[in-house]
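Understanding the architecture of this molecule
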Amino acid sequence: MRTQPIDQVAAGLPAETKTAVYEGSKIGHEKRTKLLFDHYGDPNRLRTLAGEIKQHVVENLDTYLPAVEARLVANGAKVHWAATAEAACEAVYSILKARGAKKLVKAKTMVSEEIELADYLEKRGIEALETDLGEFIVQLDHDHPSHIIKPIIHKNRRQIAELFEKSGLGAYDDEPGMITQRARQFLRHKYLEADAGLTGANFVVAESGRLVIVTNEGNSRFCLAATRCHIALVGIEKILPRDRDLALFLNLLARSGTAQQLTVYNEFILGPRAAGQPDGPDEMHVIFVDNGRTDVLASDCREILRCIRCGACLNTCPVYRKIGGHSFPWVYSGPIGAILTPQFMGVQHEPALPFASSLCGACGEVCPVKIDIPKILLELRSDVKKADAREHKNRLEKLGFRAFAWMMTHPRIFEMAGRIGRSMGWPSGNKGPMGAWLSERDLPPLPAHSFRDLWRRR
Amino acid sequence: MTLTSGRAPVTGKRVQLMATCLCDAFHDDVAAATVEVLEHLGCEVAFPEGQTCCGQPAFNGGDWDSSRRVVRHTVRTFSGDDPVVVPSGSCAAMLFHGAALEFEHEPDLGAVQGLGRRTWELGDYIVNGLGVRSWPGRLDAAIALHRSCHTRGTGSSEAVALLLASIDGVRLVEIGEAEQCCGFGGTFSVGFPHISAAMGDLKLDHVRAVRPDLLVSGDTGCLMHLSGLAAREGIKLRTMHFAQVLRDALRKRG
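Counting of residues starts from 1 at the beginning of each chain's written sequence and follows it residue by residue. Just so you know, chain letters begin at A and ligand numbers begin at 1, following the order they were written in. Whole-chain, interface and lining totals are the exception, using all residues; otherwise, since this is a predicted model, local features are given only for residues with pLDDT of at least 70 and side-chain atom pairs are given and counted only at 80 or more. For side-chain calculations, the full set of non-hydrogen atoms in the structure is used, while hydrogens and water are omitted.

**Things to note about the overall build of chain A**
For chain A, the helix and strand inventory stands at 22 helices and 10 strands. Burial analysis of chain A (458 residues in total) assigns 55% to the buried set. Contacts were defined at the residue level, with two residues in contact if any of their heavy atoms lie within 4.5 Å. Counted over contacts in chain A with a minimum sequence separation of 6, partners at least 24 positions apart contribute 74%. Split by element, the accessible area of chain A, about 19,700 Å² in all, is 54% carbon and sulfur. Segments assigned H or I by DSSP are reported as helices when at least four residues long, segments assigned E as strands when at least two residues long, and all are numbered from the N terminus. For every residue, the accessible area obtained with a 1.4 Å probe (protein chains only) is divided by the maximum for its type, and the residue is called buried under 20%, exposed over 50%, and partly exposed between those limits. Calculation of accessible area relied on Shrake-Rupley with a 1.4 Å probe; when residues are assessed, cover is drawn exclusively from the protein chains displayed.

Given below as structure tokens:
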């Protein structure tokens, strides 16, 4: 077994990045746990219920999606279907082009990261400005988000203050209030100049066609209030059956994601501006994005589609805490990224990913919709090795496991190997698994006997 | 409700010891202590000599064909109805969960699940299987208990904490971020040595902060990794499996 690239990336992370990620994720997890267990006798019952509701949706997407479309259309929205990332980008672009729009203000949406929308639009002469503070900082720095809900968890305030100074937003000042104030001053008139506003949606309710968007900064509300055209990019799995399900999901999402009782701004959008309403966008477009989701639906791991993108699994994950999101190959990082990426891109795209886990099970304990992430990681490991075997890759490792199985099904060989090993001492060297072990740790002294020797002498 | 509840209650006192490959080959004293502890409780301990490994390394490595071969060998070796007791949360979890997962589409799933249902991690067996709530003897030590990840969702860690805390002279000290993994993770420790060591260093920092005399766990894998890291860094750290603690306490009975 070779040391994996992710391990090498992690080894090269600057100390201040490590500190920022570790502290940000740890505090998120600890506050979440306290809040859930202080407020609910048995939060696990809520997780079970939420998981069952989402699983029901996933199992019945074929009926929910047309139902949602019909509600949205009845509410006055236009519905678009995008099979791929490119189709989703094209859909946004064609809406903007038809309106002659040149400037777009964006609220935070992971789907737009997934389809790389901002790049696509900028190449076509459209400014797509991020208005979420974290995403704004990422955009200003030509960086990438490293966490589903805390995109700049890897940056500290000194780095942000320096970035703002360099970008002409004011002299160095790393006081968080001042950082926020400066972003606010910069962004405020951008809303007024914009031609359209783009958001995601945390949930879309089937019975009402209601879009639900949660933010802590109110920026998505500005995106809608200040522009005449609202475009919502939504993964096809974001559906909830009933409005009343929001009571459960908004409580769980806020606690699991940001350790709040409720996110500060919860918007419920039932359509574009109706006759007689004083304001709001005249046009509303909802783009449902597949981009690999139906492949996941067809797989054994469709429970992944329950995910509500809260980030709790990242915050609790000891591996994520040590390596941060940029060590992962795609926009989704941490445990959920480790199972989403192979599903969306194929298991051979980044075959080490499901192995970059100690299988400690912490993620499975916090997931608000009870996705069995550790089990899926194990299944993906098996899928990777089956693909390896088909493609005749990693044959040495395969041989190693076969030798292991042979020895472990021949007790006398196992016993003899132990005896020889104990008499010869630990092998040394800097290659292979032993080299990897010894790169960080010593080995214990070898005992004189095996246990079975002792047992026979009793 | 724990993952290991709902299994057949323990009636007799005959048990089959699964020593684990690690203890059999490298930590003979842990398995020997397990026998002493079980015999103290009046158990009649059998050691099926055909035993080798539970198959977990190949299972976690993704080579389920190889792993299944080893699991089948284990199922044959531990035949009969007697409970199987194992001084490792990790090997126990392999037999409850892992083996069942990789045998999901195999004709002999039933036999594998059958072994899982009568397999007990040692601490869980003593407290929840036999109903023992306290431990005699004496050991003067401040003990930090590392809750190994494979005992999540089972009764093991609580059981071990209960037994240790009941020993005269033992003071349990809580370590920070106790729910965080030590970074061992089997093949993970050699596939991702840097991340594994970084996780281990965090655990060691928390352990050292509470200055225990002993770091105790129910999994020798975690202890081998942590003591190996400590030795490399020149940190003094005494580690013991809880079976050794229970055995040592027995030897100091008044």
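There is more to say after this.
**Some points on the overall build of chain B**
When helices and strands are tallied, chain B shows 12 helices and 8 strands. Atoms considered for the radius of gyration are the C-alpha atoms alone. The globule rule reads 2.2 Å times the number of residues to the power 0.38. In terms of C-alpha radius of gyration, chain B reaches 18 Å, essentially the compact-globule figure of 18 Å for 254 residues. Counting across all 254 residues of chain B, residues that qualify as buried make up 64%. Taking as baseline every contact in chain B between residues at least 6 positions apart, the subset at least 24 positions apart corresponds to 79%.

**Let's talk about the side chain of T109(A)**
Residues and elements named next belong to chain A. Along the chain, T109 turns up in the loop between β2 (103–106) and α6 (110–114). Judged by its relative accessible area of 5%, T109 falls in the buried class. Apart from residues lying up to four places away in sequence, T109 is in contact with L198, T199 and G200.

**Topic: the packing of helix α19 (residues 395–408) of chain A against helix α20 (residues 411–424) of chain A**
Each pair of packed helices can be described by the angle between their axes along with the distance between the axes. Residue and element names in this part refer to chain A. The convention used is that axes are lines fitted to C-alpha atoms, helices contributing only their stretch in contact, and that angles between N-to-C directions extend from 0 to 180 degrees. The interhelical angle for the contact between α19 and α20, taken along N-to-C directions, is 105°, at an axis separation of 6 Å. Between α19 and α20, the interaxial angle falls into the category roughly perpendicular. Judged by residue contacts, W406, M407 and M408 of α19 engage P411, I413, F414 and A417 from α20. Throughout this entry, Asp, Glu, Lys and Arg are counted as charged residues, while Ala, Val, Leu, Ile, Met, Phe, Trp, Tyr, Cys and Pro are counted as nonpolar. The remaining residues, Gly among them, count as polar. Split by residue class, the contact of α19 with α20 holds 7 nonpolar, no polar and no charged. Oblique is the label for any angle not under 35 degrees, not over 145, and not in the 65 to 115 range, which are roughly parallel, roughly antiparallel and roughly perpendicular in turn.

**Some words on helix α2 (residues 28–40) of chain B**
Multiplying one less than the number of residues by 1.5 Å gives the expected span of a helix. Along its 13 residues, α2(B) runs 18 Å from first to last C-alpha, staying within 8% of the 18 Å computed at 1.5 Å per residue. Among all positions in α2(B), only D28(B), V30(B), A31(B), A32(B), A33(B), T34(B), V35(B), V37(B) and L38(B) are buried.

**With respect to the domain arrangement of chain B**
All names here are of chain B. The assigned domain composition of chain B is domain 1 (14–128) and domain 2 (133–251). In this document the domain limits rely on a domain assignment from an automatic tool or a database. For domain 1 and domain 2, the distance between their C-alpha centroids amounts to 21 Å. Of the residues lining the interface, 26 residues belong to domain 1; the matching set on domain 2 comes to 26 residues. By buried area we mean how much accessible surface two parts lose on assembly, using a 1.4 Å probe and totalling the loss over both. Taken over both partners, the interface formed by domain 1 and domain 2 buries close to 2,100 Å², and the fraction arising from carbon and sulfur atoms is 65%. For this document, the term salt bridge refers to a Lys or Arg side-chain nitrogen within 4 Å of an Asp or Glu carboxyl oxygen. Between D29 and R247 there is a salt bridge, and its shortest N-O distance comes to 2.8 Å. For this analysis, a polar contact is any N or O atom pair within 3.5 Å, provided that within protein one partner can donate a hydrogen and the other can accept it, and provided that sequence-adjacent residues contribute only side-chain to side-chain pairs. Taken together, domain 1 and domain 2 are joined by 9 residue pairs in polar contact (both at pLDDT 80 or more). Sorting the residues of the side of domain 1 that touches domain 2 by element identifies α1 (21–26), α2, α3 (56–60), α5 (89–102) and α7 (122–129) as the ones contributing at least two each. Sorting elements by how many residues they give to the side of domain 1 that touches domain 2 places α2 first, with 7 residues.

**Notes on the domain arrangement of chain A**
For chain A, the domain assignment lists domain 1 (15–294) and domain 2 (410–457). Computed over C-alpha atoms, the centres of domain 1 of chain A and domain 2 of chain A are 54 Å apart.

**What to know about the packing of aromatic side chains**
All names here are of chain A. Here a Phe, Tyr or Trp ring, Trp counted by its six-membered ring, pairs with any other such ring whose centre lies within 6.5 Å, and the pair is stacked when the planes are under 30 degrees apart, edge-to-face when over 60, and tilted otherwise. Counted according to the given criterion, the structure contains 16 aromatic pairs over all chains. The interplanar angle of 20° and the centroid separation of 4.9 Å between the aromatic rings of W81 and F288 together place this pair among those described as stacked. Taken together, the positions of W81 in strand β1 (residues 78–82) and F288 in strand β10 (residues 283–289) put the pair 207 residues apart, joining distant regions of the chain. Among the residues examined, F288 registers a relative accessible area of 1% and is labelled buried.

**Here's the deal with the pairing of strand β7 (residues 214–217) of chain B**
Residues and elements named next belong to chain B. Residues L214 and V216 of β7 are buried on one face, and the alternating residues L215 and S217, pointing to the opposite face, are buried as well. One ladder, built from 4 bridges, connects strand β5 (residues 138–146) with β7; its direction is parallel. Bridge pairing links H146 to S217 in β7. Two elements, β7 and strand β8 (residues 239–241), share 3 bridges in a ladder whose sense is parallel. When the sheet's bridge partners are listed, L215 is paired in β8 with T239. At least two DSSP bridges between two strands are required for those strands to pair.

**Notes on the confidence of the model for chain B**
The predictor reports its confidence for every residue as pLDDT, a score running from 0 up to 100. Chain-level statistics for chain B give a pLDDT mean of 94 and a share of 96% at 70 or above. Quick note on the complex model: pTM equals 0.95, ipTM equals 0.94.

**Here we look at unusual backbone geometry**
Located in the positive-phi region is A259(A), a residue other than glycine, with phi close to 55°. Note that A259(A) resides in the loop between α12 (245–258) and β9 (265–269).

**Concerning the packing of helix α16 (residues 334–345) of chain A against helix α18 (residues 373–390) of chain A**
All names here are of chain A. Contact geometry of α16 with α18 gives a least axis separation of 10 Å together with a crossing angle of 40°. Considering their axes alone, α16 and α18 lie oblique with respect to each other. The chirality of how α16 crosses α18 is left-handed. Judged by residue contacts, P335, A338, I339, P342 and Q343 of α16 engage I373, I376, L377 and L380 from α18. The class makeup of the residues in the contact of α16 with α18 is 8 nonpolar, 1 polar and no charged. Crossings are classed by handedness, with left-handed meaning an anticlockwise turn of the near helix from the far one by less than a right angle and right-handed meaning a clockwise turn.

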